[in-house]
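Residue strings, one per chain:
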Amino acid sequence: MRKTTIDEAIARVDDWKDKEISYKPVSGGITNPNFKVDVEGEHFFLKIPGAGTDYINREVCHEANVIADESKAGPRVYYYFEDTGVEIFQWLDGYRQVTFGDVYDKDIFQSIFERIRDFHHLETKPLNLKQSIFEQAWDMNARAKKGGYISPFNDKMEYLLSAIEKALAGSEELCPCHNDFWTNNLMYNEETNDLKIIDYEYASMNDPYVDLGLISAVNYFTEDMDVEMMKIYGGGKVDERAFARMKLNKIACDIKWAYWALYQAASSNVEFDYMNWYGQKMARLQHFWLDSRLDYWLDVAREKSTRIS
């Protein structure tokens, strides 16, 4: 993929020729240089692929962004340049990033899972990439090792990743998945009570319970919140096997993102404390893998579903 600068990226947009344009960096991203571009009073969000992101399939990312646009789960997509990976979106005026405490707001909590469900189930063509959380995790495992740092918990992580992968094999319900539900990838408008999901770089056809497990892990959901999440997503009922799959994916996701953080620490050009990010994942993982129900979830994941509420 060809490298580009913000000025070169702006110059590629034919609709902006001979117009008064200004831009400024946008903070908050931890993978790519992002910019707010003002084109004669109209605002846009412009993303340039960052260093160390060669593993990201930008074409599939764009496909996922289009699905998000069409399902109203994400912002409008205006421009995409295949050779550089630059993508330009609607600037979400009036929206703010969701923070950790926001998940305790019932309206925001409800909106999150309604939007995830909208994105998962829009009737459209599938993404041109089928990639499980396990494929992503093993890839990041290899990349992290090349970076020169091996986690002292690596044996445990690899053992659990393998065990969960085997338990879930063949049970996936493939749909377009986001695969990166960091809290700041959710944008909320207080006035309209509207929520948007952004940043689809890791999207693939995947198991929907990966997305649910990930967002639960990242936001430190309580058990009651996990149940409520599954009820909203499942139309009021919780399937025991689906619940077990979500819990197992919760662990697999943190393993994948711990490896991701180690890889980024060695390769990224974005100023961010990736080792602190890794530490957060490992703190959660040590809690998750001590749960006395882990073996039960592995057993349930292999069996037929039943209702628990």
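Scroll up a little and you will see the structure.
Residues numbered from 1 in each chain as written. Predicted model: local features only at pLDDT ≥ 70, side-chain atom pairs only at ≥ 80, totals over all residues. Heavy atoms only, no water.

A. Region of interest: the layout of surface pockets. Quantified by volume, the largest pocket comes out at close to 560 Å³. Listed by contribution, the elements that provide at least two residues to the lining of the largest pocket are β3 (42-47), β5 (86-90) and α8 (240-267). Its residues placed into classes, the lining of the largest pocket shows 17 nonpolar, eleven polar and three charged. One number sums up the size of the second largest pocket: a volume of about 400 Å³. In terms of lining residues, the second largest pocket is bounded by 19 residues, among which Lys3, Pro49, Gly50, Ala51 and Thr53 are the most central. Residues belonging to the lining of the second largest pocket are distributed by class as follows: eight nonpolar, seven polar and four charged. (1 Å grid on protein atoms, 1.4 Å probe; cavity = no way out; pocket = protein on both sides within 12 Å on 5 of 7 lines; lining within 4 Å. Points joined across faces, edges and corners; volume = space filled by probe spheres on them. Helix = DSSP H or I, 4+ residues; strand = E, 2+ residues; numbered from the N terminus. Nonpolar A, V, L, I, M, F, W, Y, C, P; charged D, E, K, R; others polar.)

B. View of the packing of aromatic side chains. Tallying each qualifying case throughout the model produces 24 aromatic pairs. Where Phe109 meets Phe113, the ring centres are 5.0 Å apart and the plane angle is 65°; that geometry is what we call edge-to-face. One end of the pair, Phe109, and the other, Phe113, are both in helix α3 (residues 106-121), four residues apart, so they sit about a helical turn from each other. The two residues Phe109 and Phe113 agree in class, both being buried. Judged by centre distance (5.3 Å) and plane angle (80°), the ring pair of Trp182 and Trp277 falls under edge-to-face. (Phe/Tyr/Trp six-rings, centres within 6.5 Å; stacked < 30°, edge-to-face > 60°. Buried < 20%, exposed > 50% of the residue type's maximum accessible area, 1.4 Å probe, protein only.)

C. Fine view of helix α10 (residues 294-301). Looking at α10, one finds that the buried residues are Leu294, Trp297, Leu298, Val300 and Ala301. Seen end-on, α10 carries its buried residues on one side only, within an arc spanning 165°. Each element contacted by the buried residues of α10 is listed here: α5 (154-168) and α8. (Arc of directions from axis to C-beta. Contact = heavy atoms within 4.5 Å.)

D. Region of the structure containing the sheet that holds strand β4 (residues 77-81). Spatial strand order, β1-β2-β3-β5-β4: five strands in an open sheet with antiparallel pairing. Each edge of the sheet is formed by a strand with only one pairing partner; in this case those strands are β1 (21-25) and β4. Each strand of the sheet is rotated relative to its neighbour by a mean of 20°, with strand direction disregarded. One ladder, built from four bridges, connects β4 with β5; its direction is antiparallel. Paired with Tyr80 across the bridge in β5 is Glu87. In this fold helix α2 (residues 58-71) packs onto β3, β4 and β5, with an angle of close to 170° to the strand it touches most, β4. (Pairing = 2+ DSSP bridges. Axes fitted to C-alpha atoms, helices over the stretch in contact; angles between N-to-C directions.)

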